Amino acid sequence: MYRTYTCGELRAEHAGSRVTLAGWVHRVRDLGGLTFIDLRDRYGLTQLYFNPDNAELMERAARLRMEDVIQIVGTVTARPEQMRNTNMSTGDIEVQVETLEVLTRAAVLPFTLEEEDTAHEELRLKYRYLDLRRPGKARYLHLRHRLAQAARRTLDELSFLEVETPILMKSTPEGARDYLVPSRLHHGHFYALPQSPQTYKQLLMVAGFDRYYQIVKCFRDEDLRSDRQPEFTQIDLEMSFAEEKDVQDVAEAVIAACVREAWQQELELPLRRMSWQEAMERYGSDKPDLRFGMEIQDIAELVPGCNFGVLEGALPDGVTRGFVLPGQAEGFSRKKVDALQDYAKHLGGKGVIVVRYTAEGLQSQISKFVGDEWLARLAEHMGASEGDVMILAAGEFRMVCKLLGNMRLRLAGEYGMIDPKRHELLWVTEFPMFEYDEEAQRHVAAHHPFTQPNAEQFAAEVDPGALLSRGYDLVMDGQEIAGGSVRIHDPNMQRKVFSMLGIGDEEAQEKFGFLIDALQYGAPPHAGCAFGFDRLVMIFGGTENIRDVIAFPKTNSAASPMDGAPGGVSATQLAELHISVVPEKE
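Note that this is a predicted model, so its numbers are computed, not measured.

Participant: Can you break down the pairing of strand 18 (residues 434-437) residue by residue, with the values?
Facilitator: By the bridge criterion, 4 bridges tie strand 18 to strand 19 (residues 442-445) in an arrangement that is antiparallel. Bridge pairing links Glu435 to Val444 in strand 19. In this antiparallel pair of consecutive strands, strand 18 and strand 19, the connection spans 4 residues, and Gln441 shows a positive phi of 55°.

This is the structure we're talking about:
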């Protein structure tokens, strides 16, 4: 037996017990002939004490290096009152070592395992198994486990059945690129790794399973950001005979269980609902951050006759809006204004209008056009007072939302207006059914093509650009953590939606014929949603880097420095698959 207790288990009541411990040498301290070692395992630390009367044992202890794996036998002793360490769960005791065995010698580490180590992230990812030994890193995986179990318990109590769906599936690209897997047995044909189990979970509803869930791996071959990975995990669920509120109630029970598990707090339910249109108008985002104010306001009633072409020219087809940044007018320099203009152009806009309300009055680059009286009316309309800054934008609705929404977040972060201990959740509902893709010159699904449209609008055959969907997203602290919709269960409606997306009958049958066929055999009304589990753990763990919460993540270039993936394969393997690699163009 390698151990009778873990390194986080011993307490004062174990004093006098003879124990066997095993783990990694976390720290060695030589205090003038007295040697102490902190022994670490997954469960915690235990202080070991080596008696200086045992010269041979002291000599062996002196040869230990960081991260050696050892086993000891010793006696638990209570620490003197003044020597107790309240920062350790085992801080009331130490173990006086009687025998020491080195199980494995550790090579010199490529970086230290102190929490504040500044080693480059790519180096730490190359030696990820070492990086995960840090208690600070390991806690994310502990949290991940606990949140997964909380979700499972909740869904099990609500009669959901956990069902595994295929990882090798048919490629049906709509949106992000698929990861393709060549078939050896079917020459020239490919599987795809699932971007979502969407079609399978709908088929499970057709099959009569009523309530399904799965904690599932999904894959998207897309450009990466700090909160994205090529392979990611979802808590996926689907319900038959369900509408929006039914799914939202279940999702709220899951997130409430996670809040209880992670923060030992109770979430006030039901959560707030806000339409997509309201979220865009007030916050410039379909995932609004409600932890601070600075709501966007409409200034259209002030624009006629203002004598500034950028504002007047935006109406009536576009919008004129703005928000107030409180208390920052004095430090809002020309350099700061220029930086905002550069940021606006980075976002694809032409710029913004900045009005500073200083002790000397209202100051702006448009003062000479609109005059002081108009600026005073603007300040009154927006509720601005001395010391505030007003940020305005004009143009097409979505572009103005993008500019002001992003600037609102940027400035709130820059000026410390977001309380990290405050958390705000809400549902965003009634999303547009479609978005127009300028590059493809066609409408694309805002959620996915299986989302049910608003029934009245659909029957009235409104313009596709005005058609609303029965989609909904759960937003937490300005990040989407779950998305879902009521699904289409009528095969004729599904065909028509495909047609509106520019997918003809032949293409629809080739890509999605199996689903359309299934809907003809008594499909129940059904709805569902999926949590982005990695992002959820990231928020609850208090980190902004999604790689922290994944055991073996990829870099921003979708590579794994640790094992060298993706890597080349042999000519034999390629020949078996009837594949040749085309040389990359210079």
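Next comes the rest of the write-up.
Participant: Tell me about the pattern of salt bridges, and name the residues and values.
Facilitator: Applying the stated rule across the entire model yields 41 salt bridges. Notably, a salt bridge pairs Glu252 with Arg273, separated by 2.8 Å at the nearest N-O pair. Highlighted residues: Glu252 in helix 6 (residues 244-263) and Arg273 in strand 11 (residues 272-275), separated in sequence by 21 residues. Overall, the relative accessible area of 3% leaves Glu252 in the buried class. Judged by relative accessible area, Arg273 falls into the partly exposed class, the value being 32%. One salt bridge in this structure joins Lys336 and Glu414, with 2.1 Å as the shortest N-O distance. Remark: Glu414 occurs in helix 11 (residues 397-414) and Lys336 occurs in helix 9 (residues 334-346); sequence separation between them is 78 residues.

Participant: Describe in detail the packing of helix 9 against helix 11, supporting the description with residues and values.
Facilitator: It is at 11 Å that the axes of helix 9 and helix 11 come closest, and there the two elements cross at 135°. Viewed along their axes, helix 9 and helix 11 adopt a mutual orientation that is oblique. Crossing handedness for the pair helix 9 and helix 11: right-handed. The residues of helix 11 that touch helix 9, namely those facing Lys336, Ala339, Leu340, Tyr343 and Ala344, are Leu403, Asn406, Met407, Arg410, Leu411 and Glu414. Counted by class, the contact of helix 9 with helix 11 contains 7 nonpolar, 1 polar and 3 charged residues.

Participant: So what's going on with the packing of aromatic side chains? Residues and values would help.
Facilitator: What describes a pair of aromatic rings is the distance from one ring centre to the other and the angle between the planes of the rings. Evaluated as defined, the whole model comprises 10 aromatic pairs. With centroids separated by 6.3 Å and ring planes inclined at 85°, the aromatic side chains of Phe450 and Phe498 adopt a geometry described as edge-to-face. Placement of the pair is Phe450 in the loop between strand 19 and helix 12 (455-459) and Phe498 in helix 13 (residues 491-500), with a sequence separation of 48 residues. Of the two residues, Phe450 and Phe498, both sit in the buried class. A network of ring pairs unites the aromatic residues Phe111, Tyr127 and Tyr129 as a single cluster. One cation-aromatic arrangement involves Arg410 over Tyr343; the distance from NZ or CZ to the ring centre is 4.4 Å. The ring of Phe458 carries Lys496 above its face, with NZ or CZ at 5.0 Å from the centroid.

How each quantity is defined
Residues numbered from 1 in each chain as written. Predicted model: local features only at pLDDT ≥ 70, side-chain atom pairs only at ≥ 80, totals over all residues. Heavy atoms only, no water. Pairing = 2+ DSSP bridges. Helix = DSSP H or I, 4+ residues; strand = E, 2+ residues; numbered from the N terminus. Salt bridge = Lys/Arg side-chain N within 4 Å of Asp/Glu carboxyl O. Buried < 20%, exposed > 50% of the residue type's maximum accessible area, 1.4 Å probe, protein only. Axes fitted to C-alpha atoms, helices over the stretch in contact; angles between N-to-C directions. Parallel < 35°, antiparallel > 145°, perpendicular 65-115°, else oblique. Left-handed = near helix turned anticlockwise from the far one by under 90°. Contact = heavy atoms within 4.5 Å. Nonpolar A, V, L, I, M, F, W, Y, C, P; charged D, E, K, R; others polar. Phe/Tyr/Trp six-rings, centres within 6.5 Å; stacked < 30°, edge-to-face > 60°. Lys NZ or Arg CZ within 6 Å of the ring centre and 35° of its normal.

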